[in-house]
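Notes for the structure review
So you can see what is in the structure, the chains are spelled out below.
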Amino acid sequence: FSENLSHTFTTRIVSAKGRSNIIRGQSYEDFIQTDAAINPGNSGGPLLNHLGEIIAINVSIYTEDQENPGFQGIGFSIPANDVMRTLEYILDKGRPIHGYLGLATRDLKQHVARDLNYSGQGVFVSGVTPNSPASKAGLEPYDIILAFQGEGVTNARGLLNRIRRSKVGADSEISVWRKDEVINLKAIVGEAN
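Residues numbered from 1 in each chain as written. Predicted model: local features only at pLDDT ≥ 70, side-chain atom pairs only at ≥ 80, totals over all residues. Heavy atoms only, no water.

So, about the side chain of S172. By secondary structure assignment, the location of S172 is in strand β11 (residues 171-178). S172 gets classed as buried once you look at its relative accessible area, which sits at 0%. Beyond its immediate sequence surroundings of up to four residues, S172 is in contact with L101, F148, Q149, L185, K186, A187 and V189. (Helix = DSSP H or I, 4+ residues; strand = E, 2+ residues; numbered from the N terminus. Buried < 20%, exposed > 50% of the residue type's maximum accessible area, 1.4 Å probe, protein only. Contact = heavy atoms within 4.5 Å.)

This is the structure:
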């Protein structure tokens, strides 16, 4: 049986990027969704592009039957760059390390923007942890983050992913809108617990 199937290759498509909240208890927030079969026992294998390059590591499937999980056409993978970054930290520090600023953020809703007299895109700061890198940099609740490291932000999850990927100890430039004024702040990225 195995001799007949020893040289197989399955082609599938990537159907979405940036998926989150798909594995209970998992804090990772940037899965690639694919229809490649990821069945129990073969997670940890590579997801390849058309050139045979590894683009992600397969980790999970979506299944409604938790007692008898089986592939239903939806699989999830962690991007290879994130795997490599985590591996480098583990080899260097003995554990995975993620950036942290100490912000509670939400997607900017129209009614909130209207209440703040703001029109545009950004991420709403709903809270700042005391004595955190964000607090020390001067971020405040009700700020609207416009850009992180010079790139615009449009949703809270995407901003969180970018902060988590930031190098601990690095300066991060944050542009915020506050009371009809754009303010540029600098925060030193901390380490997430």
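For the structure on display, the rule yields three aromatic pairs. With centroids separated by 4.9 Å and ring planes inclined at 55°, the aromatic side chains of Y118 and W177 adopt a geometry described as tilted. Linking Y118 in the loop between α2 (110-115) and β8 (123-128) with W177 in strand β11, this pair joins segments that are 59 residues apart in sequence. The exposure class of W177 is buried, given its relative accessible area of 9%. When the ring of F124 is compared with that of Y142, the centres are 5.8 Å apart and the planes differ by 70°; the resulting orientation is edge-to-face. Of this pair, F124 sits in strand β8 while Y142 sits in the loop between α3 (133-137) and β9 (144-148), placing them 18 residues apart in sequence. (Phe/Tyr/Trp six-rings, centres within 6.5 Å; stacked < 30°, edge-to-face > 60°.)

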